[in-house]
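# What the coordinates show
Residues per chain are reported as follows:
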Amino acid sequence: MPKKALKERRKFPRIKSRLALQVERTIKPSTERPMTTESINVSSGGISCLVRSHVDPATKVGLTLLLPSFGRKGNKTQVVSCHGVVVRCEPSQEDEYEIACAYTDIKKDDKQLIEEYIGWRLMQDLVDERLSQP
């Protein structure tokens, strides 16, 4: 019997994007340093990335994301700092785990900035796709 197609549960558009990111457990051993990594994908509701250690789901984290300059105005790199919670942690490559975090405490302006970046990237991808067609 064929499986039913899974219904998409995400509320926000998600794009693949390699953005500089720091993830830090809000409750951590005193010797633990923030995990510096890159995002795999991003939405205005959350972000996923690869880290070197397992992080239990429901762990509260601090996130610092660097958004590059984009759009017509080409503003300088923007720093988005917020809190989130790990919703998934799965082994990925050797000695790495893919974690997905949902934002739990993000400023309205920062969320809007992420939405604008995603919209800009989606438009760029559409333009690139059309230009590559014969």
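Computed from a prediction, not measured in an experiment: that's the story for all the values here.

### Description of unusual backbone geometry
For A58, which is not glycine, the phi dihedral falls at a positive 80°. Mapped onto the secondary structure, A58 falls in the loop between β4 (46-51) and β5 (60-67).

### As for the pairing of strand β6 (residues 78-91)
Relative to β6, β5 runs antiparallel, the two sharing eight bridges. Paired with T64 across the two strands is S81, which belongs to β6. In this sheet, strand β7 (residues 97-105) lies alongside β6 in antiparallel orientation, the contact comprising eight bridges. Note that in β7 the partner of V85 across the bridge is A102. Counting the residues between successive antiparallel strands, the hairpin from β6 to β7 contains five residues, one of them, D95, with a positive phi of roughly 60°.

### Remarks on the pairing of β7
Every other side chain in a regular strand lies on the same face of the sheet, so the side chains alternate between the two faces. With six bridges joining them, β4 and β7 adopt antiparallel strand pairing. Bridge pairing links I47 to C101 in β7.

### Some details on the side chain of S44
Within the fold, S44 resides in the loop between β3 (35-42) and β4. Reaching out from S44, the side chain makes a polar contact with the side chain of E115 at a distance of 3.5 Å. Not counting the four nearest positions on each side in its chain, S44 is found in contact with F12, P13, Y103, K111, I114, E115 and I118.

### Focus: the pattern of salt bridges
Applying the stated criterion across every chain, the model contains four salt bridges. Here E98 and R88 are joined by a salt bridge, their closest N and O atoms 3.7 Å apart. Here the residue E98 occupies a position in strand β7, and R88 occupies one in strand β6, the gap between them amounting to 10 residues. A single network of salt bridges, built from pairs that share partners, joins R88, E90 and E98.

### What to know about the environment of R25
As for its position among the elements, R25 is in strand β2 (residues 20-25). With a relative accessible area of 15%, R25 lands in the buried category. Sequence separation between R25 and H83 is 58 residues; the distance between their C-alpha atoms is 9.7 Å. Contacts of R25, omitting those with residues within four sequence positions, involve E32, S53, H54, V55, T59, K60 and V61. Of the polar contacts made by the side chain of R25, one reaches the backbone oxygen of H54; its length is 3.3 Å.

### Describing the side chain of S39
You can see S39 is positioned in strand β3. The contact partners of S39, leaving out residues within four places of it in the chain, are S17, R18, L19, L21, I47, S48 and C49.

### Details of the confidence of the model for the chain
With 84% of its residues at a pLDDT of 70 or more, the chain has an overall mean of 86. Mean pLDDT values over the elements of the chain span from 84, in helix α1 (residues 108-132), up to 97, in β7.

### A few points about the packing of aromatic side chains
Here the structure, examined in full by the defined rule, presents three aromatic pairs. Ring centres 5.4 Å apart and planes at 75° place the aromatic pair F70 and Y117 in the edge-to-face group. Residue F70 is found in the loop between β5 and β6, and its partner Y117 is found in helix α1; the two are separated by 47 residues along the sequence. Note on accessibility: F70 and Y117 belong to one class, buried. Measuring from ring centre to ring centre gives 5.8 Å for F70 and W120, while their planes differ by 45°; the resulting arrangement is tilted.

Analysis parameters
- Throughout, residues of each chain are indexed from 1 in the direction in which the sequence is written.
- In view of the model being predicted, local features appear only for residues whose pLDDT reaches at least 70, and side-chain atom pairs are presented and counted only at 80 or more, with totals across whole chains, interfaces and linings using the full set of residues.
- Each side-chain value is derived from all of the structure's non-hydrogen atoms; neither hydrogens nor water enter the calculation.
- A run of DSSP states H or I qualifies as a helix once it reaches four residues; a run of E qualifies as a strand once it reaches two. Both are numbered from the N-terminal end.
- DSSP bridges decide pairing: two strands pair if at least two such bridges lie between them.
- Any N or O atom pair separated by 3.5 Å or less is treated as a polar contact, with the protein-specific requirement of one donor-capable and one acceptor-capable atom, and with residues adjacent in sequence counted only for side-chain atom pairs.
- A contact between two residues is defined here by any heavy atoms of the two lying within 4.5 Å.
- Think of a salt bridge as a Lys or Arg side-chain nitrogen and an Asp or Glu carboxyl oxygen that are within 4 Å of each other.
- The buried label applies to any residue whose accessible area, calculated with a 1.4 Å probe on protein chains only, is under 20% of its type's maximum; exposed applies above 50%, and partly exposed to all values in between.
- One confidence number per residue, pLDDT, is output by the predictor and ranges from 0 to 100.
- We call Phe, Tyr and Trp rings a pair once their centres come within 6.5 Å, taking the six-membered ring for Trp, and we label the pair stacked below 30 degrees between planes, edge-to-face above 60, and tilted otherwise.

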